Amino acid sequence: MQPQRMHVVFLGLSITSSWGNGHATTYRGLVRELERLGHDVLFLERDVPWYAAHRDTRGALPGRTELYSSLEDLRARFTSEVQRADLVVVGSYVPQGVEVGGWVQRTARGVTAFYDIDTPVTLAKLGRGDFEYLSPALVPGYRLYLSFTGGPTLQRIERELGSPAARPLYCSCDPELYAPRDGDVRWDLGYLGTYSDDRQPVLERLMLDAAEAWPEGRFVVAGPRYPEGVSWPPNVERMQHLAPPEHAAFYTAQRFTLNVTRADMVRAGYSPSVRLFEAAACGVPIISDDWEGLGTFFTPGRELFVSHGAEQTLRYLRELSEAERQEVGRRARERVLGGHTAAHRARTLEGYAREVASGRAP
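The rules behind each value
- Residues numbered from 1 in each chain as written.
- Predicted model: local features only at pLDDT ≥ 70, side-chain atom pairs only at ≥ 80, totals over all residues.
- Heavy atoms only, no water.
- Pairing = 2+ DSSP bridges.
- Helix = DSSP H or I, 4+ residues; strand = E, 2+ residues; numbered from the N terminus.
- Axes fitted to C-alpha atoms, helices over the stretch in contact; angles between N-to-C directions.
- Contact = heavy atoms within 4.5 Å.
- Polar contact = N/O pair within 3.5 Å; in protein donor to acceptor, adjacent residues only side chain to side chain.
- Buried < 20%, exposed > 50% of the residue type's maximum accessible area, 1.4 Å probe, protein only.
- Right-handed = clockwise from strand over helix to strand, strands pointing away.
- Arc of directions from axis to C-beta.

Asker: Sorry if this is basic, but what is going on with the sheet that holds strand β6 (residues 144–147) here?
Answerer: Sheet strands pair by backbone hydrogen bonding; their relative direction is either parallel or antiparallel. Across the sheet, seven strands lie side by side as β3-β2-β1-β4-β5-β6-β7; this open sheet has parallel pairing. Every interior strand has two partners, whereas the edge strands, β3 (64–68) and β7 (166–168), have only one. Averaged over all pairs of adjacent strands, the angle between strand axes in this sheet comes to 20 degrees, irrespective of strand direction. Where strand β2 (residues 40–46) lies against β3, five bridges are found, and the strand directions are parallel. By the bridge assignment, Leu42 is partnered in β3 with Arg64.

The structure is reproduced here in structure tokens:
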């Protein structure tokens, strides 16, 4: 029997622009795959100047996308959509997220969910009384707490915050965008990521120090918001924001790519970066920092490499054979395609929603 079609409404940070955020690519893949499963999906995004100036979609977005200008505009135009939805998902970092979440919980008749794409950051904010987009009072009212972080954090969300059902819904990759590409290799090691204070020391330790020690090596860092004061070695090329359609070509122009994890996510563990899955889908071998739960997603030494410093990074870059390098990239791609695509996440979300709606979830 064909599963019943669901009407799904997302209220997320952005689907129209990936500038300075990892939310848009997640939502684009998830919405598209939910549509392919036969569901009707509406995405509601607050129209803000910084994303309006950096919209980077090529062609039509999946589902239906509507922009709203204010909380009042949201209520006036989309109350009926939220009321009739089988599933309403409010994402992290939504502007006025506490007010939006309260309105959704009062209005929706179907399953309500909070999708935390920033779980460790969210929990740290709640711990210091910063209720920018979520408050402790809202958590029990969401029937699902969907988290980019798994492991013990899920039990903490249920035990300490009163979530009825905290479930992992990890980031993923879109294999239609991320796949091996033909082209020349330009760099020995590259990194793609927005600047953050907590990641920068790790980037310096794992890449920039390696670049200083190996002047013949070719390195690249791509991403926005890096301050003027960063000291870049002369063999490190800098690129500004790359739109998602350019990511695959960027990855495959590297012999290895670097993954660096936010400090809050390292402390929580079980928090894979979307860059891990995207680079792996392109068949590019990854050198990653280390954190608890990494082996849940990739087997170190077989599907990626772990580095703790410049010396270890340089050993991978200079001593691994080309055959071993390519084999590790191939295994990582197989791992991603077998369990970490947007299609996998859409089916997981569909299952969670049906479980909760039927009363089977605790």
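Past the structure itself, the notes keep going.
Asker: How should I be thinking about the environment of Glu303 in this particular structure?
Answerer: Mapped onto the elements of the fold, Glu303 is located in the loop between α11 (294–297) and β13 (305–306). The spacing of Glu303 and Pro285 is 18 residues in sequence and 7.6 Å in space, taken between C-alpha atoms. Residues within four places of Glu303 in sequence aside, it is in contact with Phe297, Phe298, Val328, Arg331, Ala332 and Arg335. At 2.7 Å, the side chain of Glu303 forms a polar contact with the side chain of Arg335.

Asker: Teacher, can you tell me more about the pairing of strand β5 (residues 111–116) here?
Answerer: On a regular strand, each side chain points to the face opposite its neighbour's, so the side chains alternate between the two faces of the sheet. Summarising burial for β5: six of the six residues are buried, a large majority. A two-sided burial pattern is seen for β5, the buried positions comprising Val111, Ala113 and Tyr115 on one face and Thr112, Phe114 and Asp116 on the other. Of the pairings in the sheet, the one linking strand β4 (residues 87–91) to β5 comprises five bridges and is parallel in character. Its bridge partner lying in β5, Gly91 is registered against Tyr115.

Asker: I'm lost on the pairing of strand β9 (residues 219–222) in this one. Help?
Answerer: Burial along β9 is two-sided: the face carrying Phe219 and Val221 and the face carrying Val220 and Ala222 are both buried. Relative to β9, strand β8 (residues 187–192) is paired through four bridges, and the arrangement is parallel. When the bridges of β9 are listed, Leu189 appears paired with Phe219. After leaving β8, the chain enters helix α7 (residues 200–213) and then returns to the sheet as β9, a path that is right-handed. In the sheet, β9 pairs with strand β10 (residues 236–239) via four bridges, with the strands oriented parallel. In the strand pairing of β10, Ala222 is matched with Met239.

Asker: Just to check I follow, could you spell out helix α6 (residues 152–161) for this structure?
Answerer: What sets the pattern is the α-helix's 3.6 residues per turn: residues three or four places apart point alike. All of the buried residues in α6 are Thr153, Leu154, Ile157 and Leu161. What you see down the axis of α6 is that its buried residues fit within an arc of 110 degrees, all on one side. Facing away from the buried side of α6, by more than 90 degrees, are the exposed residues Arg159 and Glu160. The inward-facing, buried residues of α6 abut α5 (119–127), β6, β7 and α9 (263–268). A positive phi of about 80 degrees marks Gly162, the residue just after α6.

Geometric values such as these leave the question of function open.
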